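The residues making up each chain are set out below.
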Amino acid sequence: MDKDCKIYVAGHRGLVGSAIVRNLQRRGYRNIVTRSRADLDLTKQADVEYFFAAERPDYVFLAAAKVGGIHANNTQRADFIYQNLVIETNVVQAARNVGVDRLLFLGSSCIYPRDCPQPIREEYLLTGPLEPTNEPYAIAKIAGIKLCESFNHQFGTRYVSVMPTNLYGPNDNYDLANSHVLPALIRKAHEAKARGERVLPVWGSGRPRREFLYVDDMADACVFLMEREDIVDGLYNVGVGEDVTIAELATLVMEVVGFDGVLEFDTSKADGTPRKLLDVERLSSLGWRAGTSLKEGIAQAYADFLTKLEIGPGPEVRSSMRL
């Protein structure tokens, strides 16, 4: 990508979109186009088409989506499938209408079957039933992948899809009603420590295994793929290639936060998929690997959480950030 090309980042205020903007700026890209939802509602087809006709971007990063944790996915099923379908179809169609040749679509590892072999390879897509708790969201993301594939096949575009593992980091959502597991644990551990409590409640049994990728590493992978002219199509897993149990994750969060308590598992809450580890060989064979360790990333995420509370990280957090 030329440093002066016009790049539209959809969803620039979200977890991934903001990281992509940071990465592009660090690499010296000078013409980054963004719009807040107040300025451009991506669920409104006419507004999206007008925006693309006026701006005519050269590249598009489609990171805008309705996202949430297991509780939000399971209780807002209609919202998750409808809003995500509308956003991706509006953006991809409008991009093609104005001649955008390169687009990157951000999916999710929940597109893969609930019980598929581990680690999960890209070719396992559509080989079995999905995890029921987030099936509507997953179906919307699968549709986005197939949308990009179909446009490439019919119109000769070069639209690429990336499937990240569980993401975390700056600008994450810490609302306990709809956040993902890692930011929820950070907030719970911080509040338990502040109240002088001895117990950290954890949803589920603690046995499911999950992989976690620091969001700035994810953004780096996205820009890496868009800068490669030889990448014209396809689906790429993005992860770190190793996982931990939820219990191990909670213990690590407690260490970073400095909470000296015990874990209490609420087995009345659903565990979700038993294990979800991505095979990242397709991307790593191109020369890209994640660079942030889990403990380092959690420390940086906790520092971001404290900033949102308008307090600075304590000495133990600053120390762990240097690991």
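Here we take up the sheet that holds strand 8 (residues 209-210). Read across the open sheet, the three strands follow the order 11-8-13; overall the sheet is mixed. Whereas interior strands pair on both sides, the edge strands pair on one side only; in this sheet they are strand 11 (244-245) and strand 13 (275-276). Strand direction decides the pairing type here: strand 8 and strand 13, joined by two bridges, are parallel. Along strand 13, the bridge assignment pairs arginine 209 with arginine 275.

Let us look at the environment of threonine 43. One can find threonine 43 in the loop between strand 2 (32-33) and helix 2 (45-55). The exposure class of threonine 43 is buried, given its relative accessible area of 19%. Distance from threonine 43 to proline 119, taken between C-alpha atoms, is 35 Å for residues 76 residues apart in sequence. Beyond its immediate stretch of four places on either side in the chain, threonine 43 contacts Gln83, Val86, Ile87 and Asn90.

All right, on to the packing of helix 8 (residues 246-257) against helix 10 (residues 294-308) then. The geometry of helix 8 relative to helix 10 is characterised by a closest axis approach of 10 Å and an angle of 55 degrees between their N-to-C directions. Classified by the angle their axes make, helix 8 and helix 10 are oblique. Helix 10 is crossed by helix 8, and the crossing has right-handed handedness. Across the interface between the two elements, Leu249, Leu252, Val253, Glu255, Val256 and Val257 of helix 8 pack against Leu294, Lys295, Ile298, Ala299 and Tyr302 of helix 10. Broken down by class, the residue content of the contact of helix 8 with helix 10 amounts to nine nonpolar, no polar and two charged.

Next up on the list: the packing of helix 4 (residues 77-97) against helix 5 (residues 135-155). Look at helix 4 against helix 5: their axes get within 8 Å of each other, and the N-to-C directions meet at 15 degrees. Taken together, helix 4 and helix 5 sit at an angle that is classed as roughly parallel. The two elements helix 4 and helix 5 cross, and the hand of that crossing is right-handed. Here helix 4 contributes Arg77, Phe80, Ile81, Asn84, Leu85, Glu88, Thr89, Val92, Gln93 and Arg96 to the contact with helix 5, which in turn contributes Glu135, Pro136, Tyr137, Ile139, Ala140, Lys141, Ala143, Gly144, Leu147, Cys148, Phe151 and Phe155. In the contact of helix 4 with helix 5, the residues fall into 13 nonpolar, four polar and five charged.

Quick notes on the rules
Residues numbered from 1 in each chain as written. Predicted model: local features only at pLDDT ≥ 70, side-chain atom pairs only at ≥ 80, totals over all residues. Heavy atoms only, no water. Pairing = 2+ DSSP bridges. Helix = DSSP H or I, 4+ residues; strand = E, 2+ residues; numbered from the N terminus. Buried < 20%, exposed > 50% of the residue type's maximum accessible area, 1.4 Å probe, protein only. Contact = heavy atoms within 4.5 Å. Axes fitted to C-alpha atoms, helices over the stretch in contact; angles between N-to-C directions. Parallel < 35°, antiparallel > 145°, perpendicular 65-115°, else oblique. Left-handed = near helix turned anticlockwise from the far one by under 90°. Nonpolar A, V, L, I, M, F, W, Y, C, P; charged D, E, K, R; others polar.

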